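Results of the structural survey
Chain residues, written in single-letter form:
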Amino acid sequence: MADNRQVAPGSELAEPLDEAAIREFSSRIQGQLIRPNDGAYDEARSVFYGGFDRHPALIVRVKDTTDVSHVVRLARESGLELAIRSGGHSVAAHSTTEGGIILDLSQMKGLEIDLQRRTAWAQTGLTAGEYTAAAGAHGLATGFGDTGSVGIGGITLGGGVGYLVRKHGLTIDDLISAEVVLANGELLRADAETHPDLFWALRGGGGNFGVATRFQYRLHEVDTIVGGMMILPATPDVISSFVAEADAAADGLSTIANIMVAPPMPFVPAEVHGQLIIMAMVVYAGEVDEGERAIAPFRALAEPIVDMVKPMPYPEIYPPEDDDYHPVASARTMFIDTIDRSVAETIVEYLRTSSAQMSVAQIRVLGGAMARVPADATAFAHRSARIMVNVAALYERPDEAAVYEPWITDFAATLRQGDDGAYVGFLGDEGEGRIREAYPGPTWQRLAEIKGRYDPTNLFRLNQNIRPSAQPTNDALTENRPTPGVDTSEHVADS
Ligand SMILES: Cc1cc2nc3c(=O)[nH]c(=O)nc-3n(C[C@H](O)[C@H](O)[C@H](O)COP(=O)(O)OP(=O)(O)OC[C@H]3O[C@@H](n4cnc5c(N)ncnc54)[C@H](O)[C@@H]3O)c2cc1C
């Protein structure tokens with residue numbers, strides 16, 4: 001996303017950290033401290049998206065929950081802005097800060113898989129790909145998104161829409177409990193019975209409530225899938241038919257269709273380079289023969305340009321990634337009801353006329369298990385949304401935003417169909433109005449009340465922020481002591 005710095009509320013009270021304070025802090029920390037003069041600083045401050053050249057005063061690669069508590073307390077006492085980072089893929093670059101502190105969880109990768117119960121406790125420094133590979137070794141999976149390098153921290157707190165969404169629902173639908181370091185530095189476990197208000201809010205409410213250090217997930221038997229990439233020509237007829245087939249398909253099939261100009265990649269035939277294609281990623285979770293039957297209608301839409309859909313182990317859906325890829329992007333997310341031929345024509349027209357290095361309309365047909373959860377069961381309320389569309393222009397230099405922000409705004413406005421909702425995981429820095437659209441109806445009010453109980457001073461504000469409602473004095477922060485019996489042991493091997 002293009003850089004759009006804001007002065008965080010409260011930052012005018014911040015004091016720079018002096019050497020004595022840093023030394024004292026450092027003596028209590030097991031993990032790594034990185035400061036502006038350190039060799040590792042530039043790499044450590046960078047995030048997935050390019051165009052965000054921010055200079056934190058301190059980066060702490062925490063080693064355990066005690067470190068997390070110390071960092072939270074330091075941020076509270078110093079008033080410095082606190083950025084929480086798991087996988088660093090925030091679309092709004094909320095996991096970096098100018099002059100503040102980055103709490104980087106990327107070294108906390110403990111994973112404990114309980115094969116009997118089919119559950120996993122995972123520390124939030126894991127990426128979706130790392131978790132999926134480890135669980136996949138047992139033929140098991142929890143659904144995350146379409147990209148292996150996304151952190152389980154951010155994607156889970158936002159909701160989690162991915163390759164198993166129609167079969168098993170959102171990531172949060174498999175969340176059993178969470179351990180969170182609150183604004184007062186204390187560790188608390190939340191689940192359906194213990195602190196159910198917080199547990200409700202964590203499932204979609206983003207990083208507003210504390211630092212999630214571990215999640216306990218349900219695992220499903222997802223061994224060999226029928227899946228992979230299929231490239232089709234992106235004519236209006238094929239696009240609208242693709243969406244219709246994806247909607248009619250069995251719940252086992254989840255699809256992500258990227259309408260884009262074919263890049264000059266080795267697996268794309270040279271004569272197709274520069275033409276508009278549907279680069280679709282599909283996953284059928286279930287029996288292989290059923291999967292082949294589910295894919296057949298897509299193969300029949302047009303002669304596939306590339307067809308790599310085949311039976312394969314589920315973790316292979318996350319291919320290796322290039323760590324040096326840091327695109328600058330302008331993007332918008334929305335929910336829509338239908339992509340008929342005329343909507344598909346609009347998509348084709350916009351993408352054909354774009355001058356960006358890459359422009360894409362990503363279509364995710366929803367429904368299935370995700371839609372069977374009541375809208376008020378979690379803080380993700382868009383259960384009846386039919387289709388999620390993300391439009392994006394990717395380019396090289398941040399100053400090109402002047403060209404592509406208006407273009408993407410116009411493209412998104414043309415596609416909207418009355419639902420102003422937004423998925424918080426794909427929101428950029430788009431203002432409070434859009435955050436409210438992520439939390440429609442009573443969801444916003446309920447989140448604000450819970451925020452008021454758990455983070456009344458809005459310490460966790462560098463996120464899609466929900467400002468706390470005023471609370472009576474007996475707020476949860478002073479009431480809640482650490483949950484007895486919470487196991488804070490750090491790295492536990494697979495069992
Ligand atoms: C290339 C790409 C592909 C994506 N694909 C999908 C997809 O298929 N499905 C989907 O649902 N989303 C997807 N997303 C969106 C993604 O889920 C969000 O951007 C998410 O916030 C990224 O999580 P992260 O941990 O990598 O990011 P970070 O930048 O580390 O974190 C993002 C924010 O989440 C909060 N946060 C993260 N970890 C914690 C924690 N442990 N405790 C408290 N707060 C925390 C903080 O507010 C932080 O600023 C994608 C994003 C990108 C860039």
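Structure: above.
The structure reproduced in this document is the subject of the present report. All figures in this text were calculated on a predicted structure; none of them were measured in a lab. (Residues numbered from 1 in each chain as written. Predicted model: local features only at pLDDT ≥ 70, side-chain atom pairs only at ≥ 80, totals over all residues. Heavy atoms only, no water.)

Another point: the sheet that holds strand β6 (residues 119–123). Strand order in the open sheet formed by five strands is β5-β6-β10-β8-β9, with antiparallel pairing between adjacent strands. With partners counted over all chains shown, the strands left at the sheet margins are β5 (111–114) and β9 (187–191), one partner each. The mean angle between the axes of side-by-side strands here comes to 15°, regardless of whether they run parallel or antiparallel. Pairing of strand β8 (residues 175–181) with β9, which is carried by five bridges, proceeds in the antiparallel orientation. Looking at the pairing, S177 lines up with D191 of β9. (Pairing = 2+ DSSP bridges. Helix = DSSP H or I, 4+ residues; strand = E, 2+ residues; numbered from the N terminus. Axes fitted to C-alpha atoms, helices over the stretch in contact; angles between N-to-C directions.)

Turning next to the site of the ligand. With respect to spatial proximity, 35 residues lie near the ligand, and among them S86, S95, D146, V161 and Y423 are the closest. At 2.7 Å from an oxygen atom of the ligand is found a main-chain nitrogen or oxygen belonging to D146. When the free accessible area of the ligand is taken as 940 Å², the share hidden by the protein chains comes to 94%. Elements supplying a minimum of two residues to the shell around the ligand: β3 (82–85), α5 (152–158) and β10 (211–218). Of all the elements, α5 adds the most residues to the shell around the ligand, at four residues. In the shell around the ligand, the residues fall into 14 nonpolar, 18 polar and three charged. (Near = heavy atom within 4 Å. Polar contact = N/O pair within 3.5 Å; in protein donor to acceptor, adjacent residues only side chain to side chain. Areas by Shrake-Rupley, 256 points an atom, 1.4 Å probe, with all protein chains shown as cover. Nonpolar A, V, L, I, M, F, W, Y, C, P; charged D, E, K, R; others polar.)

Tallying each qualifying case throughout the model produces 29 salt bridges. Across the salt bridge formed by D42 and R45, the nearest N and O atoms sit 2.8 Å from each other. Of this pair, D42 and R45 both sit in helix α2 (residues 41–45), three residues apart, which is roughly one turn of the helix. Three or more residues are tied together by salt bridges with common partners; here these are E112, E179, R189 and R214. (Salt bridge = Lys/Arg side-chain N within 4 Å of Asp/Glu carboxyl O.)

Take T127: it is sitting in the loop between β6 and α4 (128–136). Exposure remark for T127: the relative accessible area of 15% places this residue in the buried category. Within the structure, T127 has its side chain in polar contact with the backbone oxygen of G148 (distance 3.4 Å). Setting aside chain neighbours within four positions, we find T127 in contact with G148, S149, V150, G151 and I152. (Buried < 20%, exposed > 50% of the residue type's maximum accessible area, 1.4 Å probe, protein only. Contact = heavy atoms within 4.5 Å.)

A cluster of acidic side chains, namely E321, D322, D323 and D324, defines a negative patch on the protein surface. Within the secondary structure, D323 is located in the loop between β16 (310–313) and β17 (328–336). Relative accessible area serves as the criterion here: at 68%, D323 is assigned to the exposed category. (Patch = residues over 30% accessible without salt bridge, like charges linked within 9 Å, V, L, I, M, F, W, Y side chains within 5 Å. Lys, Arg positive; Asp, Glu negative; His and termini not counted. Charge placed at Lys NZ, Arg CZ, Asp CG, Glu CD.)

One finds Y131, Y314 and I317 to be the most contacted residues of the largest nonpolar core, which totals 88 residues. Setting aside its immediate chain neighbours within four residues, I317 contacts Y163, I225, G228, M281, V282, V283 and M312. One finds F242, A257, V365 and A393 within the second-largest nonpolar core, a separate group that totals 49 residues. (Core = buried A, V, L, I, M, F, W, Y, C linked by side-chain atoms within 4.5 Å.)

Quick look at helix α9 (residues 288–299) now. Each turn of an α-helix holds 3.6 residues, which means side chains three or four residues apart point in the same direction. For α9, with twelve residues, the first-to-last C-alpha span of 16 Å sits near the 16 Å given by 1.5 Å per residue. If you check which residues of α9 are buried, you get G291, A294, I295 and F298. The arc enclosing the buried residues of α9, seen along the axis, measures out at 90°, which places them on a common side. On its buried side, α9 packs onto β12 (224–233), α8 (236–248), β13 (253–261) and β14 (276–284). (Expected span 1.5 Å × (residues − 1). Arc of directions from axis to C-beta.)

Turning to the packing of α8 against helix α10 (residues 341–353), a few remarks are in order. Look at α8 against α10: their axes get within 8 Å of each other, and the N-to-C directions meet at 125°. The angle between α8 and α10 falls in the class oblique. The crossing of α8 and α10 is right-handed. Residues P236, D237, I239 and S240 of α8 form the contact with α10, whose participating residues are R341, A344, E345 and V348. The residue inventory of the contact of α8 with α10, partitioned by class, reads four nonpolar, one polar and three charged. (Parallel < 35°, antiparallel > 145°, perpendicular 65-115°, else oblique. Left-handed = near helix turned anticlockwise from the far one by under 90°.)

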